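Structural description and commentary
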Amino acid sequence: MKDRIIKSMFVFIFTGLLFFPLIQFSFEIIPRKSLNGFTIPPKPSPALDTLINGKFQTAYETWFHRKHGLWGYLVRFNNQLNFEVFRQISSGYRSSVLVGKEGFLFENAYLPDYNRILSIDNVIDHVGDRLKLLSELLEKKNKKLIVLYSASKIEVHPEYLQDRFLISGRENRQNNLSRMIDRLEGSGVRVINSYEYFKNLVRPFELVYFNKSGAHWNERGACLITSHLVEVLSNELKNNLQNFSCTSLVERPVPVEYDLDIVKIANLWSESKYLVPVLAPRTENVAIENVHRPKIMLVGTSFVWPMLKYLRKHKVFDNSYFYYYFKRRVSLDNNKELRFGKEFDGWKNDLNNSEAVVIEINQSAVHNTGFQFVDLAINYLSAESPPDLLD
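Quick look at the structure, then.

**Some remarks on unusual backbone geometry**
In the Ramachandran plot, phenylalanine 205 falls in the positive-phi region, its phi being about 60° despite a non-glycine side chain. Along the chain, phenylalanine 205 falls in the loop between α9 (194–199) and α10 (219–237). Judged by its relative accessible area of 38%, phenylalanine 205 is partly exposed. The backbone phi angle of tyrosine 325 is positive, close to 55°, even though this residue is not glycine. For tyrosine 325, the location among the structural elements is in the loop between β10 (321–324) and β11 (328–331). In this structure tyrosine 325 comes out as partly exposed when scored by relative accessible area, which is 34%.

**Examining a nonpolar patch on the surface**
A cluster of nonpolar side chains, contributed by Phe77, Leu81, Val85, Phe86 and Trp269, occupies part of the molecular surface with about 540 Å² of accessible area. Mapping phenylalanine 77 onto the fold places it in helix α4 (residues 70–86).

**Some words on the side chain of asparagine 176**
Its location among the elements puts asparagine 176 in helix α8 (residues 176–184). Within the structure, asparagine 176 has its side chain in polar contact with the side chain of aspartate 113 (distance 3.4 Å). Reaching out from asparagine 176, the side chain makes a polar contact with the side chain of arginine 179 at a distance of 2.7 Å. Every residue in contact with asparagine 176, bar those within four places of it in the chain, is listed here: Asp113, Leu118, Ile120, Ile124 and Val366.

**Concerning α4**
Its 17 residues give α4 an end-to-end C-alpha distance of 23 Å, which sits within 8% of 24 Å, the value for a rise of 1.5 Å per residue. Turning to α4, its buried residues are Leu70, Trp71, Gly72, Arg76, Asn79, Gln80, Asn82 and Phe83. At the C-terminal side of α4, arginine 87 shows a positive phi close to 55°.

**Observations concerning the state of the cysteines**
Using the criterion set out here, one finds one disulfide in the structure. Disulfide pairing is shown between cysteine 223 and cysteine 246; the S-S distance is 2.0 Å. Taking the sign of the S-S torsion, about -90° here, the bridge from cysteine 223 to cysteine 246 comes out left-handed. Highlighted residues: cysteine 223 in helix α10 and cysteine 246 in the loop between β5 (244–245) and β6 (249–252), separated in sequence by 23 residues.

**Concerning helix α13 (residues 346–353)**
All buried positions along α13 are accounted for by Trp347, Asp350 and Leu351. One face of α13 carries all of its buried residues, which in axial projection span an arc of 100°. Buried-residue contacts for α13 involve α6 (121–140), β9 (296–300), β10, β11, β13 (356–362) and α14 (373–382).

About the criteria used
Residues numbered from 1 in each chain as written. Predicted model: local features only at pLDDT ≥ 70, side-chain atom pairs only at ≥ 80, totals over all residues. Heavy atoms only, no water. Helix = DSSP H or I, 4+ residues; strand = E, 2+ residues; numbered from the N terminus. Buried < 20%, exposed > 50% of the residue type's maximum accessible area, 1.4 Å probe, protein only. Patch = residues over 30% accessible without salt bridge, like charges linked within 9 Å, V, L, I, M, F, W, Y side chains within 5 Å. Areas by Shrake-Rupley, 256 points an atom, 1.4 Å probe, with all protein chains shown as cover. Salt bridge = Lys/Arg side-chain N within 4 Å of Asp/Glu carboxyl O. Polar contact = N/O pair within 3.5 Å; in protein donor to acceptor, adjacent residues only side chain to side chain. Contact = heavy atoms within 4.5 Å. Expected span 1.5 Å × (residues − 1). Disulfide = S-S within 2.5 Å. Arc of directions from axis to C-beta.

Dropping the structure here:
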């Protein structure tokens, strides 16, 4: 009798486990656990050609996995297990997030440039020539060009990388940022190399200007580099811009959202390891007479977002705009955004009315400096410039 009860319980449990995914899929008994960076695609419809080439089956499998509520739990559990036991986020070799020493997270996308295996000399020469020409065209209209190269945190803190991420011979290869700096030497383009700036400030295994959980410079790092940018602009424009101090610090109970961006996309079961108190600057205006608030045009990447906080708070610029990847136009005054396409030409008015153009790009992507803005601006300004300037 006892054996029959045990067997019956086993069959009942086995059957329940077998059909539970289907039940969960249909009724969502357990609340869905979302995954950052993933959405549920529309249910695919079968067609003869997609059935033959297998695309329908692949699309249906993806839809099914993401549709049922257990997928998020399983992925986060798997990622947490890999993180705790194997010091990695995913067992897949194409994982976008990698784990260094002491829980240091960084993005896979920055690793090839760190290992200096991407040689793009021809592209660097071309980009350098275009930046030089843009600078000359802007100077003709009494405008300044500043290129800010944002620092990759694995370049600033390589001590956190596991040896398995390193490719031998790296020290004998020149990185692309150094190539670009050499190319722009004597070109008239004002360059801010934030890698060198932070490298001179940091000490090994002391994360002050970058966080383990973020892809970009943290609040303290953003404050310092923004203040430095304001100083450079003041010198270039020969005017007193409103600057601010970053020395006074306060403790936050947890990092701000953009300092947790990597741990968010890691999709761990628990993020508690990274939800720890951090120091953040309490900025104050520097006393300056005859403050000048210029209109500038800022073109860059996600490294600019934490900088905008300080530019807005201290009202450094007037009626200025940030062009995010030159696809979104963001007001520095009220944070209003406009997504635009190829037909948008409002940037021309911003360029005409700006005293300076600041282009930010990460040191791992110098080949994308300015995105399509550089060529568009050159074409636009060239049409108004005498031929001898373009020789």
